Amino acid sequence: MPIRLLVVIFCSFLLGGLVGLAAHPEAWPKTAIVLPVERTGKALVGGPFALTDQHGKRVTDKDFRGRFMLVYFGYTFCPDVCPADMQILSTALENMGPKADRFAPIFITIDPERDTAERLASYVQHFHPRLIGLTGSVDEITAVAKAYRVYFSKVKDESAEDEYLMNHSAFIYVMNEQGEYLTHFGHGTKPDAIVERLTKLL
Ligand code: NI
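Rules and cut-offs
Residues numbered from 1 in each chain as written. Predicted model: local features only at pLDDT ≥ 70, side-chain atom pairs only at ≥ 80, totals over all residues. Heavy atoms only, no water. Helix = DSSP H or I, 4+ residues; strand = E, 2+ residues; numbered from the N terminus. Expected span 1.5 Å × (residues − 1). Buried < 20%, exposed > 50% of the residue type's maximum accessible area, 1.4 Å probe, protein only. Contact = heavy atoms within 4.5 Å. Phe/Tyr/Trp six-rings, centres within 6.5 Å; stacked < 30°, edge-to-face > 60°. Pairing = 2+ DSSP bridges. Axes fitted to C-alpha atoms, helices over the stretch in contact; angles between N-to-C directions. Core = buried A, V, L, I, M, F, W, Y, C linked by side-chain atoms within 4.5 Å. pLDDT = per-residue confidence, 0-100. Polar contact = N/O pair within 3.5 Å; in protein donor to acceptor, adjacent residues only side chain to side chain. Arc of directions from axis to C-beta.

Trainee: In this structure, what is going on with helix α2 (residues 81-95)? I would like to understand it.
Mentor: What sets the pattern is the α-helix's 3.6 residues per turn: residues three or four places apart point alike. The end-to-end C-alpha separation of α2 is 21 Å, in line with the 21 Å expected for 15 residues at 1.5 Å each. When we look at burial in α2, the residues that qualify are Val81, Cys82, Asp85, Met86, Ile88, Leu89, Ser90, Ala92 and Leu93. Buried-residue contacts for α2 involve β3 (68-74), β4 (103-109), α3 (117-124), β7 (164-168), β8 (171-175) and α5 (191-201). Just downstream of α2, Gly97 is the residue with a positive phi angle, here 65 degrees.

Trainee: Can you walk me through the packing of aromatic side chains in this structure?
Mentor: What characterises a pair of aromatic rings is the spacing of the ring centres plus the angle enclosed by the ring planes. For the coordinates displayed, the defined rule picks out ten aromatic pairs. Measuring from ring centre to ring centre gives 5.1 Å for Phe68 and Phe103, while their planes differ by 35 degrees; the resulting arrangement is tilted. Residue Phe68 is located in strand β3, and its partner Phe103 is located in strand β4; the two are separated by 35 residues in the primary sequence. Like Phe68, the residue Phe103 is buried in the burial classification. Relative to Tyr148, the ring of Phe73 has its centre 5.3 Å away and its plane inclined at 55 degrees; by these criteria the two rings are tilted. Of the two residues, Phe73 is situated in strand β3 and Tyr148 in the loop between α4 (138-147) and β6 (152-156); the sequence distance between them amounts to 75 residues. Phe73 sits in the buried class, given a relative accessible area of 2%. The structure contains a cluster of three or more aromatic residues connected by ring pairs, namely Phe73, Tyr148, Phe171, Tyr173 and Tyr181.

Trainee: Help me understand the sheet that holds strand β1 (residues 50-53), please; the structure alone is not making it clear to me.
Mentor: Sheet strands pair via backbone hydrogen bonds, and the direction of the pair is either parallel or antiparallel. Strand order in the open sheet formed by seven strands is β2-β1-β5-β4-β3-β8-β9, with mixed pairing between adjacent strands. Only two strands of the sheet have a single neighbouring strand rather than two, namely β2 (58-60) and β9 (181-186). Pairs of neighbouring strands in the sheet enclose a mean axial angle of 35 degrees, with direction left out of account. Across the sheet, α2 lies against β3, β4 and β8, angled at about 165 degrees from β3, the strand it touches most. α3 contacts β1, β4 and β5 (132-135) of the sheet and is inclined by roughly 155 degrees relative to β5.

Trainee: When you look at the nonpolar core in this model, what are you seeing that I'm missing?
Mentor: Generally speaking, a soluble globular protein has its nonpolar side chains buried in company with each other. In this structure, Phe73, Ile108, Tyr148 and Tyr173 are the most contacted members of the largest nonpolar core, which totals 54 residues. Once residues within four sequence positions are removed from consideration, Ile108 is found in contact with Leu51, Val71, Tyr72, Phe73, Gly74, Leu134, Ile141 and Val144.

Trainee: Even after reading the chapter, I still don't get the confidence of the model for the protein, so can you show me in this structure?
Mentor: Detail in the predicted coordinates should be disregarded across regions flagged by low pLDDT. When pLDDT is averaged along the protein, the result is 86; 79% of the residues meet or exceed 70. Segment residues 5-12 is flagged for pLDDT under 50; beyond a separation of four residues in sequence, or across chains, it makes five contacts in the model. Counted against residues more than four places away or in other chains, residues 26-32, with its pLDDT under 50, gives 21 contacts.

Trainee: Is there a simple way to explain the environment of Tyr164 in this structure?
Mentor: Residue placement: Tyr164 occurs in strand β7. For the pair Tyr164 and Cys78, spaced 86 residues apart in sequence, the C-alpha to C-alpha distance is 10.0 Å. Residues in contact with Tyr164, not counting those within four places in the same chain, are Asp111, Glu113, Arg114, Lys154, Val155, Lys156 and Asp157. Among the polar contacts listed, one links the side chain of Tyr164 to the side chain of Asp111, at a separation of 2.7 Å.

Trainee: Would you mind showing me how to read α4 here?
Mentor: Turning to α4, its buried residues are Ile141, Val144, Ala145 and Ala147. Taken around the axis of α4, the buried residues stretch over an arc of 160 degrees, which confines them to a single face. Seen from the open side of α4, the exposed residues pointing more than 90 degrees away from its buried face are Asp139 and Lys146. Elements in contact with the buried residues of α4: β1, β3, β4, β5 and β6.

Below is the structure:
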């Protein structure tokens, strides 16, 4: 691929990343989300995973073949950004009517030490009846976050002893029916914009 085209692709991803970060105070300290591109220009985002859902059942990415995965990485103790994004995603799916059945909304925790299956079960039900919560071992979560180019790290919560917050990038990744990356939405994208974009994919 000509280097100039690579630079253009890199910059547009970088811009998308920075817009997402700017809107997400949790993720401020880190910049540049770098999404490497293949020679074909296809972004190398996503990949196989094996995790545990909110019912304690083991699931893999293959269980979602035939549906578009809407993958979000966050944590249930997140005070503001994650709940806001899950609310937006749920509203978008509700507004899509029956077409929403083509999409599998998935919330993957980046705080597996606190986000047990039980905790995820009570969390996801606040948003959408089909929202799937996934957790796993620290190694499993680290691997899937790496595959999706997701940044996360613990930060001490100054307001409470022994407590911590998580810095993390906040994107809704859209994966096609074969589990391949198509696009992503930054934090705060309006439900209407999400509906419009997703509808075009069908
Ligand atoms: Ni969050």
